[in-house]
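# Structural characterization, general
Chain by chain, the residues run as shown.
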Number of protein chains: 2
Amino acid sequence: MPPKDKASPSSASVTIRDVARLAGVSPATVSKVMNNAPYVSEETRQTVRAAADKLNFRPNSIARSLKMSRTATLGLITDDLEGVFTMSMMRGVEEVASAQGFSVFLCNSYGDVARERAHLEVLIDKKVDGVILLSGYRVRQRGAPALPLGGIPVVYLYQYTDEAAVRCVVPDDFGGAVLGAAHLAGLGRRRIAVINGPAHYEATRRRLEGVQDALARAGVSFDAALVRAGKWYESSGYAAARDLMSLPAPPDALFCMSDSIAVGALGALHDLGVRVPQDVALIGFDNRSFAVHQRPPLTTVALPLVQMGRLAGDLLLRDIREGGSAAELHRVPCELVVRQSCGASRA
Amino acid sequence: MPPKDKASPSSASVTIRDVARLAGVSPATVSKVMNNAPYVSEETRQTVRAAADKLNFRPNSIARSLKMSRTATLGLITDDLEGVFTMSMMRGVEEVASAQGFSVFLCNSYGDVARERAHLEVLIDKKVDGVILLSGYRVRQRGAPALPLGGIPVVYLYQYTDEAAVRCVVPDDFGGAVLGAAHLAGLGRRRIAVINGPAHYEATRRRLEGVQDALARAGVSFDAALVRAGKWYESSGYAAARDLMSLPAPPDALFCMSDSIAVGALGALHDLGVRVPQDVALIGFDNRSFAVHQRPPLTTVALPLVQMGRLAGDLLLRDIREGGSAAELHRVPCELVVRQSCGASRA
DNA sequence: AAGACTTCCGAAACCGTTTTCTGAAACGGG
DNA sequence: CCCGTTTCAGAAAACGGTTTCGGAAGTCTT
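Residues numbered from 1 in each chain as written. Chains lettered and ligands numbered in written order. Predicted model: local features only at pLDDT ≥ 70, side-chain atom pairs only at ≥ 80, totals over all residues. Heavy atoms only, no water.

Glancing now at the pattern of salt bridges. Counted according to the given criterion, the structure contains 36 salt bridges over all chains. Residue Arg 91 of chain A is joined to Glu 82 of chain B by a salt bridge in which the shortest nitrogen-to-oxygen separation is 2.2 Å. In this pair, Arg 91 of chain A is assigned in helix H5 (residues 86-99) and Glu 82 of chain B in the loop between strand E1 (73-78) and helix H5 (86-99), connecting two distinct chains. Overall, the relative accessible area of 25% leaves Glu 82 of chain B in the partly exposed class. With a shortest N-O distance of 3.2 Å, Asp 125 of chain A and Arg 58 of chain B are connected by a salt bridge. Of the two residues, Asp 125 of chain A sits in helix H6 (residues 113-125) while Arg 58 of chain B sits in the loop between helix H3 (42-54) and helix H4 (61-68), which places them in two different chains. Accessibility expressed as a relative area gives 15% for Asp 125 of chain A, which makes it buried. Looking at Arg 58 of chain B, the relative accessible area reads 39%, which means it is partly exposed. Connected via shared salt-bridge partners are Arg 58 of chain A together with Arg 117, Glu 121 and Asp 125 of chain B. (Salt bridge = Lys/Arg side-chain N within 4 Å of Asp/Glu carboxyl O. Helix = DSSP H or I, 4+ residues; strand = E, 2+ residues; numbered from the N terminus. Buried < 20%, exposed > 50% of the residue type's maximum accessible area, 1.4 Å probe, protein only.)

Given below as structure tokens:
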């Protein structure tokens, strides 16, 4: 009996009017029970609900959005979808967003301003309730171009900006460095060298300040002759480590500002025949996935990427809910993950 | 003069009626010129356009979607947002989607069926035009749960399924293995061992068939005693390599079915004092980011992740446009990237 | 018993587009 | 000069929900 239309449970979309008709009430009433609005009797509630799920009714959120002008939708624009830190942060925001019933649009700008702007316009047109600008880079981007945000809340993730009234969430580089340096000092290391990233990064500056602070507090002297700055990559770490170890009084610990640098340094130490951690302790930064697979496994300070993503999502959702938008800078604390390259194992 | 409303170029949303009023025409006409519909004079076209961008008019795509019941929106559900292969595939689909004016919703199911289902329902409610189910795992997922797709097109990415009328795109594991094995054979290797992944993976089976095929074609005999199966991880590669090299007649080449396995094997060979590539050639699979940083840099067969993503996006968009949906399985070809672990350098 | 609330429900307007459908004007052919 | 066509423009009806508003009934006060 294919002609019977009763057999198919739904197929073409069933509207609020359909369930109203079946329940013998008005569309308005159906709307009210679907939204748990007051002033509808328990009896009709039951009737309507029964009708609704007999018809397998699912409210059309497009229609709802049109009326309410809220879409329960976020935009996420990243400048490097394939960046090594990107996906963990994305996981954080996706997690809190979907937990609160929001969906997130994914946009990749490839670091191109025009593309970013285009994405943003589409997002605005699609009436997202807020957007997160996520940078896969560490570069501090001062004076970002004024974006055509349609008056919706924005938060910058892993990115600084000078724009007024936007929130930023970044890792607490200073605190992270303190953690690492204190660890080294606590293990008895006294000549602590640092192999830093490029000088123009905000992160490197703050991390360096962090080790200085921690060392001062621990009573070990900081030797400025023991710091090298270079690139974030392995080769840079390799060269710097060789250089440092050829000093008349070589260091007994290497604080590397990235895990990549650390594996480079590890290679140099290996080539030089110096033992890690017996002769020199080695610590990295970032907690990249390969850190655990080094020999010895790398002690490192972890970037709180997922937490940063979660915080960004929470801030944005709160702004959406409450309308506020103070220009706060949130530094989320790093975490020390100790493995074996410093000579101490977990308690 | 704050009371003047003329100063602010837009602020509260300007609708099609506003520009109609300013242009002195009806809303219908404005709609027509915005969509380049025929039967409107060039003169009014100009007038309307002028009014539109004087008012900075941006059409409300929610309203449009409501009427048209097409949202220019895709859903992408991944079971492992942080998976090592996920983001490259995502980049591919984002690329083609946004190039064609589509936005993509990002959903992370954590491999949890209930969560996947929940996401899917939200996507359906949000009236996405199609969805991509992206698996970060290699596991073949036969008989996936029948999902409540609301009659919209779906494509499975990096994932097999038995469901009717859905498209799948996966890498051509067989062809990739042929590439690698032929490379080894062409370099004169005769005793080629393979360190495989778990036996229950479709990928491992096909890859093994690939090397057998290539070897047969190259006239080098395939020794079944020279294959080991294990996990995808380094430790597995390490153990297998040691085992293989302790044979009375050890192999002169190791075909590792993942780059992780290969670096494990590389470690074993190093510990054993056998030289790579002089004594034994080593080839990996996947082209992971760390492959290039090995010593020697790893020759490997690259998974065509971005291309797979692009293809999935193209297929889906085509289905959306044309309504078709044949259940095709697309195997996209892998690519050999030769570095130094096999003794041949690039031409 | 009359008035003041309170509860319950539905008619209708609305959100901002698109799309008929109708009609007027211009045009062209015989 | 009259009668098809064709071009152009607008009124109005959707699309599928939410919300205001008013009316009807019921419940408490005095």
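The biggest cluster of nonpolar side chains holds 142 residues, and the ones touching the most others in it are Leu 254 and Phe 255 of chain A together with Leu 254 and Phe 255 of chain B. When residues no more than four places from it in sequence are discounted, the contact partners of Leu 254 of chain A are Ala 193, Ile 195, Ala 241, Leu 244, Ala 265, Leu 269, Val 280, Ala 281, Leu 282 and Ile 283 of chain A. Among the nonpolar cores identified, the runner-up in size contains 28 residues, and Leu 123 and Val 166 of chain A together with Leu 120 and Val 128 of chain B belong to it. (Core = buried A, V, L, I, M, F, W, Y, C linked by side-chain atoms within 4.5 Å. Contact = heavy atoms within 4.5 Å.)

So, about the interface of chain B and chain A. Facing the 41 residues of chain B at the interface are 41 residues of chain A. Across the chain B/chain A interface, buried area totals approximately 3800 Å², and carbon plus sulfur atoms make up 54% of it. If you sort the residues of chain B by the area they bury against chain A, Ile 62, Glu 82 and Met 87 of chain B come out on top, with a joint share of 17%. In this assembly, chain B and chain A are joined by eight salt bridges. Here chain B and chain A share 18 residue pairs in polar contact (both at pLDDT 80 or more) between them. (Buried area = accessible area lost by both parts, 1.4 Å probe. Polar contact = N/O pair within 3.5 Å; in protein donor to acceptor, adjacent residues only side chain to side chain.)

Contacts to DNA strand C come from 27 residues, most closely from Thr 29 and Ser 41 of chain A together with Ile 16, Arg 17 and Ser 31 of chain B. Each atom of DNA strand C within 4 Å of the protein belongs either to a base or to sugar and phosphate, the latter forming 66%. Interatomic distance of 2.8 Å between a backbone N/O atom of Ser 41 of chain A and a phosphate oxygen of DNA strand C. With respect to DNA strand C, the side chain of Arg 17 of chain B contributes an N or O atom lying 3.4 Å from a base nitrogen. Taken together, the elements giving at least two residues each to the surface near DNA strand C come down to helix H2 (27-34) and helix H4 (61-68) of chain A together with helix H1 (16-23), helix H2 (27-34) and H4 of chain B. In terms of residue class, the surface near DNA strand C is made up of 11 nonpolar, 10 polar and six charged. (Near = heavy atom within 4 Å. Nonpolar A, V, L, I, M, F, W, Y, C, P; charged D, E, K, R; others polar.)

Now for the relation of the copies chain B and chain A. Expressed as a screw operation, the relation of chain B to chain A combines 0.0 Å of axial shift with a rotation of 180°, fitting to an RMSD of 0.2 Å. The transformation relating the two chain copies, once decomposed into turn and shift, fits a two-fold axis. Taking C-alpha positions as the reference, the residue of chain B nearest the rotation axis is Phe 105 of chain B, at 2.2 Å. Most of the interface of chain B is mirrored in chain A, where 100% of its interface residues are also at the interface. (Least-squares fit on C-alpha atoms with pLDDT ≥ 70 in both.)

Residues and elements named next belong to chain B. Burial along strand E8 (residues 253-256) is two-sided: the residues Ala 253 and Phe 255 and Leu 254 and Cys 256 are all buried. Pairing of strand E6 (residues 192-196) with E8, which is carried by four bridges, proceeds in the parallel orientation. Within E8, the position partnered with Ile 192 by the bridge is Ala 253. One ladder, built from three bridges, connects E8 with strand E9 (residues 281-286); its direction is parallel. Counterpart to Leu 254 in the pairing with E9 is Leu 282. Regarding the hand of the β-α-β motif, the stretch spanning E8, helix H10 (residues 259-272) and E9 is right-handed. (Pairing = 2+ DSSP bridges. Right-handed = clockwise from strand over helix to strand, strands pointing away.)

A word on the packing of aromatic side chains. Applying the stated rule across the entire model yields seven aromatic pairs over all chains. Ring centres of Phe 85 of chain B and Tyr 158 of chain B lie 6.1 Å apart, and the angle between their planes is 50°; on these two criteria the pair is classed as tilted. With Phe 85 of chain B in the loop between E1 and H5 and Tyr 158 of chain B in the loop between strand E4 (154-157) and strand E5 (167-171), this pair connects stretches of sequence that are 73 residues apart. The side chain of Arg 207 of chain A reaches across the aromatic face of Phe 285 of chain A, ending 3.7 Å from its centre. The positively charged end of Lys 126 of chain B is found above the aromatic ring belonging to Phe 105 of chain B, 5.8 Å away from the centroid. (Phe/Tyr/Trp six-rings, centres within 6.5 Å; stacked < 30°, edge-to-face > 60°. Lys NZ or Arg CZ within 6 Å of the ring centre and 35° of its normal.)

Residues and elements named next belong to chain A. The six strands are arranged E7-E6-E8-E9-E10-E12 in an open sheet whose pairing can be described as mixed. Taken across any chain shown, the strands that pair with only one partner, and hence form the sheet edges, are strand E7 (227-229) and strand E12 (335-337). The average undirected angle you get between the axes of adjacent strands in this sheet is 15°. For strand E9 (residues 281-286) and strand E10 (residues 299-302), the ladder comprises four bridges, and the chain directions are parallel. Considered in E10, the bridge of Asp 286 is made with Ala 302. Packed on one face of the sheet, helix H7 (residues 173-186) meets strand E6 (192-196), strand E8 (253-256), E9, E10 and E12 and runs near 165° to E9. Here helix H10 (residues 259-272) sits on the sheet and contacts E6, E8, E9 and E10; the angle it forms with E9, its principal contact strand, is near 155°. (Axes fitted to C-alpha atoms, helices over the stretch in contact; angles between N-to-C directions.)

A separate point is the packing of H2 of chain A against helix H3 (residues 42-54) of chain A. Residue and element names in this part refer to chain A. With their axes 10 Å apart at the nearest point, H2 and H3 run at an angle of 90° to one another. Classed by the angle they form, the pair H2 and H3 counts as roughly perpendicular. Packed against H2, whose contacting residues are Val 30, Lys 32 and Val 33, the element H3 presents Arg 45, Val 48 and Arg 49 at the interface. Taken together, the residues of the contact of H2 with H3 break down into three nonpolar, no polar and three charged. (Parallel < 35°, antiparallel > 145°, perpendicular 65-115°, else oblique.)

Surveying the vicinity of DNA strand D reveals 28 residues, the closest of which are Ile 16 and Ser 31 of chain A together with Ser 26, Ser 41 and Thr 44 of chain B. Those atoms of DNA strand D that come within 4 Å of the protein belong to sugar or phosphate at a rate of 63%. Take Asn 60 of chain A: an N or O atom from its main chain is 3.4 Å from a phosphate oxygen of DNA strand D. Within the side chain of Lys 32 of chain B, one N or O atom sits 2.9 Å away from a base oxygen of DNA strand D.

Residue and element names in this part refer to chain B. The mixed open sheet is built from six strands, whose spatial order is E7-E6-E8-E9-E10-E12. Among the strands making up the open sheet, the edge pair consists of strand E7 (227-229) and strand E12 (335-337). When the angles between neighbouring strand axes are averaged without regard to direction, this sheet yields 15°. Where helix H8 (residues 202-218) meets the sheet, it contacts E6, E8 and E9, and its direction lies at approximately 170° from that of E6.

Below, the discussion takes up the side chain of Ser 109 of chain A. Along the chain, Ser 109 of chain A falls in the loop between strand E2 (103-108) and H6. Aside from chain neighbours lying at most four places away, what touches Ser 109 of chain A is Ile 77, Thr 78, Asp 79, Arg 115, Glu 116 and His 119 of chain A.

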